[in-house]
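Structure assessment
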Amino acid sequence: MRTARLRTVHPVLWAGWAALAAGAVLCVLGWYGVSGERYAERQLPYLASCTVPGAALIIAGAVLLTHGRGALAAARVEELYGLLVAAEPADAEEPGQAAFAPLVSGDLLMVPGGTLWHRADCPLVAGKAEAVPVDSKLVASGELGPCPICEPTEETD
């Protein structure tokens, strides 16, 4: 399942590769023209018309490729997050029905070795056997931070 944003990234990547190739061709043409001339005043037109624009196209192509790959990575992260949060069972009767019924609980959980504490209904710890109740000493000391997805609030005893 690909998103629309993921499909729009490809033209940016193609434009980056095209600019990079065109810049390389112009630089080669400029070098070839400069190498055939003995005097500097006859070499300048090749530098101005081929080599400088070629170098600019190479830089523009590199920028477009970097931007396209960053946008592609961001789109993939969004797609994976959507799959994580909006997972549906294969035999769901209603299309909006969630894959798991959220547990309405005030229990706070953590994964041993983790750095975050979660509500019991958080999709990051729901169904994980290794999730254990939060040690209040770790939360008080600041070793554990609240999960940015479920945004738990610390219970006061």
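Since the model is a prediction, treat every value here as computed from it, not as a measurement.

Thresholds applied
Just so you know, the residues in each chain are numbered from 1, in the order the chain's sequence is written. Given that this is a predicted model, residues contribute local features only at a pLDDT of at least 70 and side-chain atom pairs are listed and counted only at 80 or more, while totals for whole chains, interfaces and linings are drawn from all residues. The side-chain figures draw on all heavy atoms in the structure; neither hydrogens nor water molecules are used. DSSP calls a pair of strands paired once it identifies at least 2 bridges connecting them. Helix and strand assignments come from DSSP, with helices taken as H or I runs of at least 4 residues and strands as E runs of at least 2, each series counted from the N terminus. In what follows, salt bridge is the name for a side-chain nitrogen of Lys or Arg lying within 4 Å of a carboxyl oxygen of Asp or Glu. Relative accessibility thresholds used throughout: buried, under 20% of the residue-type maximum; exposed, over 50%; partly exposed, between the two (1.4 Å probe, protein chains only). Residues with no salt bridge and a relative accessible area higher than 30% make up the patches, which join like charges within 9 Å and nonpolar side chains (Val, Leu, Ile, Met, Phe, Trp, Tyr) within 5 Å. Where accessible areas are quoted, they stem from the Shrake-Rupley method and a 1.4 Å probe; at the residue level, only the protein chains shown are allowed to cover. N or O atoms closer than or at 3.5 Å make up a polar contact, with two conditions inside protein: a donor-capable atom paired with an acceptor-capable one, and, for residues adjacent in sequence, both atoms drawn from side chains. Note on contacts: a residue pair is in contact if any heavy atoms of the two residues lie within 4.5 Å. Per-residue confidence from the prediction method is given by pLDDT, with values spanning 0 to 100.

**Concerning the sheet that holds strand E3 (residues 132–133)**
Ordered by their spatial adjacency, 4 strands build an open sheet running E3-E1-E2-E4, and the pairing between neighbours is mixed. The open sheet has two free edges, formed respectively by E3 and strand E4 (145–146), since each of these has just one partner strand. Bridge count for strand E1 (residues 108–110) against strand E2 (residues 116–119) is 3 bridges, and the pairing is antiparallel. Each bridged residue has a counterpart across the sheet, and for Leu-109 the counterpart in E2 is His-118.

**As for the environment of Trp-14**
Looking at where Trp-14 falls in the secondary structure, it is placed in helix H1 (residues 4–35). The spatial distance from the C-alpha of Trp-14 to the C-alpha of Leu-64 is 8.9 Å, given a sequence separation of 50 residues.

**Let's talk about the pattern of salt bridges**
The full count for this structure, using the stated rule, is 2 salt bridges. Where Arg-42 meets Glu-37, a salt bridge forms, and the shortest distance between an N and an O atom there is 3.5 Å. Of the residues examined, Arg-42 reaches a relative accessible area of 51% and is grouped as exposed. Across the salt bridge formed by Asp-121 and Arg-119, the nearest N and O atoms sit 3.0 Å from each other. When its relative accessible area of 30% is taken as the criterion, Arg-119 is described as partly exposed.

**Digging into a nonpolar patch on the surface**
Taken together, the side chains of Tyr-81, Leu-84, Val-85 and Ile-149 present a nonpolar region at the surface, about 320 Å² in accessible area. Here Ile-149 lies in the segment after E4. Of the residues examined, Ile-149 reaches a relative accessible area of 34% and is grouped as partly exposed.

**A few points about the side chain of Asp-121**
With respect to the helices and strands, the residue Asp-121 is situated in the loop between E2 and E3. Of note is the side chain of Asp-121, whose polar atom sits 3.0 Å from the side chain of Arg-119.

**A short note on the side chain of His-118**
You can see His-118 is positioned in strand E2. In this structure His-118 touches Asp-107, Leu-108, Leu-109, Leu-124, Val-125, Cys-147, Cys-150 and Pro-152, once residues within four positions along its chain are discounted.

**A few points about the confidence of the model for the chain**
Residue-level pLDDT values for the chain average 76, and 78% of them are 70 or greater. Of all helices and strands in the chain, the one with the weakest mean pLDDT is helix H3 (residues 136–141) (77), whereas E3 scores best (85). Considering only residues more than four positions removed or in separate chains, one finds that residues 96–105, a stretch of pLDDT under 50, has 13 contacts.

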